[in-house]
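Fold and geometry: a report
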Amino acid sequence: MKALSTSTLLIVIGLLIPATAFGQAALSGVVADSLTHEKLIGVNVVLVGTGMGNATNIEGAYSITGIPLKVYSVRISCIGYEPKVVQIDFSKNPTRRLDVLLTSTVIQGQEVVVTAQMRGQVAAMNRQVSSKTIVNVVSEEKIKELPDANAAEAIGRLPGVSVIRSGGEASGIVLRGLSSKFSNITMDGVKIPPTDPNTRDVDLSTLSQGSLAGIELHKTLTPDQDADAIAGGVNLVTKKAPLERLIQLDLKGDYNYLMKSPKQYDVSVRYGERFFNDLLGIQLQGNSENKIRSREFTSYGYGTVDNQTLPSWGTYDPSAYDNDYNINQFTVRFTDEKRKRNGGQAILDLNTPDDGLVKLTGVYSETGSNIMTYERRYPAGNGGYDYNYQSTDQTIATLNSSLQGKNNLLGWTVDWNVAYAQSKMENPFGYRMAFQEPSGGTYILSKDHPELNMIALANNNFATAVLDSTDYFRKENSDKEKTIQLSVSKKMTFWDIFTNELKVGGKYKAKTRWMKTGDYVWNNYKVYPLKNADGSSITLTGTRFEGVTNSAVSLTRFIDIPVTTRDLFGLYRMTPLISVDALKQWWDLNKNGVAAVAQDYGPNGLSVLSDYDVTERVSSAFLMNTLDIGESATLIFGARVESESNDYGGKYSDAAVGGTGAVVTLNGKVIDTTAHYTETIWLPSAQLALRPTSFLSVRFAAYRALGRPDFNLRLPQFAPGSGTAVFVAGNPNLKDAKAWNFEANAQIYDNAIGLFAVSGFYKVIDDLYHQTNNVNLSWPSGGPDRLIGYKGWSTNAKAGYYYRLDALLDYLNMSSWKSNPVFVNLTHNSPTYTVNLAYNSPDPSYAWGFEIEHQLNFSFLPVSWLKNITLSYNLSITRSQTNIIVGKSVVDTVYVPASGTPGTPRFRPDTTALLTDGIAVLETRQSEDQPELYGNAALGYDIGGFSARISVFYQSRYTRQ
């Protein structure tokens, strides 16, 4: 009861203070370095002995409102600089401007020059120290000093951040060990639309970090922030135009050792200027990059070995091995990839007479990739050798535009934003060719490097390697989001000690999204080439394929002389590297053809069923109160409510369809269908920051956040595959994941030790969504056709052979599918079917961990050559636990009476199962994409015009799915 009374009292005080306060004055200004005049970020500007104060933003500017009309001492302080105190009488002039130049730390009477690397470090440290919540920052200076490939690489320098890499550079970030889809990525507060065709991931490799003025990583959420960020939120910040004209050209080059090529560049040009006595600012920026992202790869396939029975494919000595596993396949793969990244930015900002700001921003980024993959598989023994070649073109583009402002009206601060954002992914061309070559015979495997035996055994007689199959695939998806946002706040002072800000607002987002695919598969069966639609042969005269008739096409037709080869890692031979032009010419010749047998060539059935369109509408409102108690404590509490109303359009088939690489004609109809989903979630929040001394701060947070499922998981899709024995279905009832987040953070800071911080977090996640993987439904092979459906036991005469999915559907809360009278008659004889369904984990999931971070420079040392050193390092340890459905082969027994009429199917009594009908079981595992240990360190040195830095990043392995 006592705790409840205290909480109630704090709430009442927080809500009543604005009504009783009487402050009227305002203070604003800019803080800069006294020597370089560089703007300083995160500087604390406070009225001594009160709860009134603020920190400078990324422009070095600050603003304090609601100041009583009397005399106050204003203290300006930050790490690395000598504090300054100025006395101001607000009764004489209620609107005051105070621009301050701070002097860097003085050692033995001499002022220390803050170098470029120090500026970036000091900005990050002060921003973290002055923040009322748990936040990490990458400043503009730090972005400039590090040669990161893109924005994701720069964010990966922060504690609690691991990265997902593609082609040697980061493409996504993972916060606190939670998959990237649980993070909210924004630019100037406007959400960047997802770029992945199905998930909510944003490919950050499309964004050049050179266009940014800073990056903010919010590890705790307040009610005025979007709630769909269980892991946290990242805000990419753009900057106002500079006071003085700026024309800047940056040129960078790089040598790629793997490809022995200097053909890499990074060009950036920037122009900024202010007009009309600082009223209007204009900033233009453009960048163009060309990067080589080629890579080499090898992998092993393993199989069990019976020590009592020698394998048929060669001689094997069990005593030479430590276990019962042996390599049965070795794969070498070389990927030649070139990426081009282009982007542009245009920003107009207007300083309004009310000491406010209006900003118009447009940012466009585009990354194009051209990828050619060469792969060869060497099996152990008499199996044939596979050659796989694939050419892929892909473009990802994002556009973020917004008109936003922060203005002051009648003592209230009004934040508003109107935004439009779009992402688009195009995969206009993707073509794969598979060849097979007969084996060269058997051999004796050695214990050391058995793969070398496999390579040595290959015939490399490319004339005997013939084209077996081809796949053509293309994909396109678009995401458009419109946002309107408005919030109002008022900051008032009560008794000088209490400063209270009440903030209320709302937001509306409308998203439209679609995906279209077009996959074609050619199961050649040695029928080459295809025919024209009128039955005539495709003309090959004058091409490198002249003379090919209705017979196998040899690999030699695609090879240039001399044959191009490559030794991967200087050891493993990849041969041949075929001509990319030949691959594309073969596609051009055959793309409009018709197969001799209709089933041999046509659309991929499961691909046809993958198309979708989604409309999401999210309305939200929040109430937040911030109470500052002197300089020693800040309490933030409030709540947010988010309500979503979504429409999903998908497709299903009333009969089995072909799977990837199988017979591709649709055996049934493709039917359009829709689903609707609504959910409203309340999200309370409370955060407390304590500053008991001038060098120590402690923060605590407890708040609720949510995670919305991937777009394809809620689709009203049903696709049974006949050739692959796979059921793929969406779950229109899939719920949002909801998480209670508990955070604690402690910071120690001063000019000597810099900033040392320790953080811990614990998350309890309800309704975490997963997708089944290899959950098998099995029964004895042979016998009549089985009917499989979603509507209880069939009354059909074959009821005894009807396999019941009700238990699994009940368990996954898929009642809408159960009410859909769709029955699927599977006529092939496979005894096992794999089910891919989306579901919410039935039990809570957990994530926890801690982080340490230390940033310091040695400017306090008296030795001149040491004081220019900067050092930063961090380490993160994360753990998680979630329950997932795993596949079990559950066999039913059909009881057949004397009359021969099938009876009731019965499950084997010894089947271990969680569900009533024994369909699947739960296993506890860690979450996807979570490394258990990761961190980085950087050591820098500046002297004169010379700057150097050594950095290292470590990340342990993680489970992808």
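Heads up: the structure comes first, above all this text.
First, a word on what this report is: a plain description of the structure on this page.

What counts and what doesn't
Residues numbered from 1 in each chain as written. Predicted model: local features only at pLDDT ≥ 70, side-chain atom pairs only at ≥ 80, totals over all residues. Heavy atoms only, no water. Helix = DSSP H or I, 4+ residues; strand = E, 2+ residues; numbered from the N terminus. Buried < 20%, exposed > 50% of the residue type's maximum accessible area, 1.4 Å probe, protein only. Contact = heavy atoms within 4.5 Å. Areas by Shrake-Rupley, 256 points an atom, 1.4 Å probe, with all protein chains shown as cover. Polar contact = N/O pair within 3.5 Å; in protein donor to acceptor, adjacent residues only side chain to side chain. Phe/Tyr/Trp six-rings, centres within 6.5 Å; stacked < 30°, edge-to-face > 60°. Pairing = 2+ DSSP bridges. Axes fitted to C-alpha atoms, helices over the stretch in contact; angles between N-to-C directions. Salt bridge = Lys/Arg side-chain N within 4 Å of Asp/Glu carboxyl O.

Secondary structure summary: the chain contains nine helices and 54 strands in total. Counting across all 961 residues of the chain, residues that qualify as buried make up 54%. Excluding contacts between residues fewer than 6 apart, the proportion of contacts in the chain whose partners are at least 24 apart in sequence is 73%. Working note: accessible area of the chain is about 40200 Å², and carbon and sulfur atoms make up 56% of it.

The next subject is the side chain of Q930. Along the polypeptide, Q930 turns up in the loop between strand 52 (920-925) and strand 53 (933-943). Within polar-contact distance, the side chain of Q930 engages the backbone oxygen of R879 at 3.3 Å.

What follows covers the packing of aromatic side chains. For the structure shown, the criterion picks out 20 aromatic pairs. Pairing F429 with Y431 gives two aromatic rings, centres 6.3 Å apart and planes at 40 degrees, and the pair type is tilted. The two residues F429 and Y431 agree in class, both being buried. With centroids separated by 4.1 Å and ring planes inclined at 10 degrees, the aromatic side chains of Y472 and W587 adopt a geometry described as stacked.

Spatially, five strands are ordered 11-16-17-14-15 in an open sheet, and the strand pairing comes out mixed. Sheet topology places strand 11 (135-139) and strand 15 (190-191) at the edges, where each strand pairs with a single neighbour. Pairing analysis gives five bridges linking strand 14 (residues 183-187) to strand 17 (residues 232-237), with the strands arranged parallel. For N184, the partnering residue across the bridge sits in strand 17 and is G233. With respect to the sheet, helix 2 (residues 116-130) is in contact with strand 11 and strand 16 (214-218), its orientation differing from that of strand 11 by roughly 160 degrees.

Before going further, it helps to examine the environment of R200. By the element assignment, R200 lies in the loop between strand 15 and strand 16. Separated by 510 residues in sequence, R200 and D710 place their C-alpha atoms 5.8 Å apart. Residues within four places of R200 in sequence aside, it is in contact with K181, P194, E616, R708, P709, D710 and F711. Separated by 3.1 Å, the side chain of R200 and the backbone oxygen of R708 make a polar contact.

In this section: the side chain of S294. Structurally, S294 can be placed in the loop between strand 20 (280-292) and strand 21 (295-304). Since its relative accessible area comes to 10%, S294 is described here as buried. Within the structure, S294 has its side chain in polar contact with the side chain of D336 (distance 3.0 Å).

In this section: the sheet that holds strand 6 (residues 84-89). Paired through backbone hydrogen bonds, the strands of a sheet run either parallel or antiparallel to each other. Judged by pairing direction, the sheet is antiparallel, and its four strands sit side by side in the order 3-2-5-6 without closing on themselves. Edge positions in the sheet fall to strand 3 (53-55) and strand 6, since each has one partner strand and no second. Pairs of neighbouring strands in the sheet enclose a mean axial angle of 15 degrees, with direction left out of account. Where strand 2 (residues 44-47) and strand 5 (residues 71-77) come together, four bridges link them in antiparallel fashion. Within strand 5, the residue paired with N44 across the bridge is S77.

For the structure shown, the criterion picks out 47 salt bridges. E437 serves as the salt-bridge partner of R376, at 3.5 Å between the closest nitrogen and oxygen. Placement of the pair is R376 in strand 24 (residues 356-379) and E437 in strand 26 (residues 412-437), with a sequence separation of 61 residues. Neither R376 nor E437 differs from the other in exposure class; each is buried. Linking K763 and E743 is a salt bridge whose minimum nitrogen-to-oxygen distance equals 3.5 Å. With K763 in strand 42 (residues 754-766) and E743 in strand 41 (residues 737-750), this residue pair connects regions lying 20 residues apart in the sequence. Using a relative accessible area of 0% as the deciding quantity, one classes K763 as buried. Overlapping salt bridges, with partners in common, bring together K191, D226, D228, K507, K509, R640, E642, E644, R708, R714 and D736 in one network.

Structurally, the position occupied by S139 is in strand 11. Given the relative accessible area of 2%, S139 is considered buried. Taking C-alpha positions, S139 is 9.0 Å from V122, a pair spaced 17 residues apart along the chain. The contacts of S139, once residues within four sequence positions are left out, are G120, A123, A213 and G214.

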